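Structural description and commentary
Residue-level listing of the chains:
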Amino acid sequence: MGRGLNKADIATRSYLLAAIFSLIKENREMTSAHRNTQQLLADLQIQLKVTFSLAAEQKANVRLTAGDLIFDASRITFMNMHFDVEAKLQGSQKELKLTNIYGNPAREKMLMGYTKRQCSGIRNALREMLQDSVIGDSTRTLPDFVFESASRFKLGGPTTGLLPAHTARLAILRHFAYENSELLDHEEELDEEPLLHDDDPARTSSEPPKKKRKRGGRTAKGEDFWSQVEKWFDAHRTQWGDSWTCPGWKAYISETMAKDEQRFQPQVAHNAFMEDIVTDDSYLTGPTGSFQVASLGAVEDLLQAM
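Source: prediction; values computed, not measured. Along each chain, residue indices are assigned from 1 in the same order as the chain's sequence is written. Predicted model: local features are reported for residues with pLDDT of at least 70 only, side-chain atom pairs are reported and counted for 80 or more only, and whole-chain, interface and lining totals are derived from all residues. Working from all heavy atoms in the structure, the side-chain values ignore hydrogens and water.

**A closer look at the overall build of the chain**
Here is the rule we go by: In DSSP terms, a helix is any run of H or I states spanning at least four residues, a strand is any run of E spanning at least two, and both are numbered starting from the N terminus. Each residue gets one of three labels from its accessible area relative to the maximum for its type: buried under 20%, exposed over 50%, partly exposed in between, using a 1.4 Å probe on protein chains only. For accessible areas, the Shrake-Rupley method is used with a probe of radius 1.4 Å. Any residue's cover is judged against the shown protein chains and nothing else.
Scanning the chain for helices and strands turns up 9 helices and 0 strands. Each helix and strand of the chain, placed in order from N terminus to C terminus, yields the pattern α-α-α-α-α-α-α-α-α. A buried classification covers 35% of the 306 residues belonging to the chain. Only carbon and sulfur atoms are counted for the fraction: they give 53% of the accessible area of the chain, which is about 19200 Å².

Next up, the structure:
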């Protein structure tokens, strides 16, 4: 070995051979470490699928979307509105920061479950607002109720986009709540579906399977307030037509608003020191004046089934 080569050449060749063997060894170690890292990432991904939860911003976007849809002037269906909310979320998933959910069936199911619960909460919140606005010591006039409900549910609040159709639909809901006050304490049935199935490997053997149950005090399906509202709208839509501008709806809205204005008069504060001062009535009525049903004439096909 090394015959005919000088010492410097032999030393150089030996160094190169040692370097090659060292690189081969390091490459094998790096390959093994990379394989272990890939396995670790795969395990972490599996764990994240089990422990995944919606971010605070994602939850807020679901609630805001559900509130805006229930305030929609054309909405006459309520019990299945979570499907409409989910469709809107999916269509705006990039803007609503939901791109890490769609495409993953487990996460989509979790989002749908959360959306369904939020829609139930939104319905109960509006039902309680309707109850407080027409029954008890804190009743509200229709304009005040429109303002308060828009502030709570409508995206953008009451300052923009409020239409006479919003007022008309809320007047109908208030009238229904007043005439059917016995339903206002009837909350809807809520099925609590587990996020994991019984055969899910993430469930431990000692953990008992969850069952669907009814919360205490809730009524049977179809007998709650919003189910009865849906039935009322469906019956009258069949009778009067699919638009607020139909004669039947216009007459009913006019009558309902007149009754609402008579039933819930605005509170006028009296000052004994100003009894001799004459004030124009327009200053007392202000924005609480009556609404003209004729202004609904430009709103077409608001009562189509959602």
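Text resumes after the structure shown.
**Points about the packing of helix H5 (residues 142-153) against helix H6 (residues 164-179)**
As a reminder, the rule being used: Lines fitted to C-alpha atoms define the axes, with helix axes restricted to the stretch in contact, and inter-axis angles between N-to-C directions lie between 0 and 180 degrees. The scheme is simple: roughly parallel for angles under 35 degrees, roughly antiparallel for over 145, roughly perpendicular for 65 to 115, oblique for anything else. In this analysis, two residues are considered to be in contact whenever any of their non-hydrogen atoms come within 4.5 Å of each other.
The N-to-C vectors of H5 and H6 enclose an angle of 110°; their axes lie 10 Å apart at closest approach. Classified by the angle their axes make, H5 and H6 are roughly perpendicular. Packed against H5, whose contacting residues are Leu142, Phe145, Val146 and Ser149, the element H6 presents Thr167, Leu170, Ala171 and Arg174 at the interface.

**Structural notes on the pattern of salt bridges**
Condition: One side-chain nitrogen of Lys or Arg within 4 Å of one carboxyl oxygen of Asp or Glu is enough to make a salt bridge.
Under the defined criterion, the tally for this structure stands at 8 salt bridges. Among the ionic pairs, Arg237 bridges to Asp234, the shortest N-O distance being 3.3 Å. With Arg237 and Asp234 both in helix H7 (residues 225-240) and 3 residues apart, the pair spans about one turn of that helix. For Arg237, a relative accessible area of 18% puts it in the buried group. Via salt bridges that share partners, Asp234, Arg237 and Asp242 belong to a single interconnected network.

**A short note on unusual backbone geometry**
The phi dihedral of Lys97 is positive, around 60°, even though this residue is not glycine. Overall, Lys97 belongs to the partly exposed group, its relative accessible area being 47%.

**A look at a nonpolar patch on the surface**
We apply this condition: Exposure above 30% relative accessible area and the lack of any salt bridge qualify a residue for a patch; like charges then connect within 9 Å, and the nonpolar side chains Val, Leu, Ile, Met, Phe, Trp and Tyr within 5 Å.
Taken together, Leu17, Ile20, Phe21 and Ile24 make up a surface patch of nonpolar side chains, about 380 Å² in accessible area. Within the secondary structure, Leu17 sits in helix H1 (residues 7-51).

**Observations regarding the nonpolar core**
In plain terms, the rule: By nonpolar core is meant a set of buried Ala, Val, Leu, Ile, Met, Phe, Trp, Tyr and Cys residues that side-chain atoms within 4.5 Å join together.
Of all hydrophobic cores here, the largest spans 55 residues; its most connected members are Phe225, Trp226 and Phe233. At the level of elements, helix H2 (56-70), helix H3 (81-91), helix H4 (105-134), H5, H6, H7 and helix H8 (247-263) are the ones that each hand at least two residues to this core. The residues touching Trp226, leaving out its near neighbours within four places in the chain, are Phe78, Met79, Arg123, Asn124, Leu126, Arg127, Leu130, Leu173 and Glu188.

**Here we look at the packing of aromatic side chains**
Quick note on the threshold: Between 30 and 60 degrees the pair is tilted, below 30 it is stacked and above 60 it is edge-to-face, where a pair is any two Phe, Tyr or Trp rings, Trp via its six-membered ring, whose centres lie within 6.5 Å.
Here the structure, examined in full by the defined rule, presents 12 aromatic pairs. Seen in terms of ring centroids, Phe176 and Trp232 are 6.4 Å apart; in terms of plane orientation they differ by 65°. Their pairing is edge-to-face. Here Trp232 lies in helix H7 and Phe176 lies in helix H6, a separation of 56 residues in the sequence. Aromatic rings pair up to connect Phe78, Phe176, Phe225, Trp226, Trp232, Phe233, Trp240, Trp244, Trp249 and Tyr252 into one cluster.

**Examining the side chain of Thr141**
We count it as follows: Each polar contact in these results corresponds to two N or O atoms within 3.5 Å; when the atoms are within protein, one needs to be able to donate a hydrogen and the other to accept it, and residues that are neighboring in sequence are counted only if both atoms are side-chain atoms.
By secondary structure assignment, the location of Thr141 is in the loop between H4 and H5. A distance of 3.0 Å separates a polar atom in the side chain of Thr141 from a polar atom in the side chain of Asp144.

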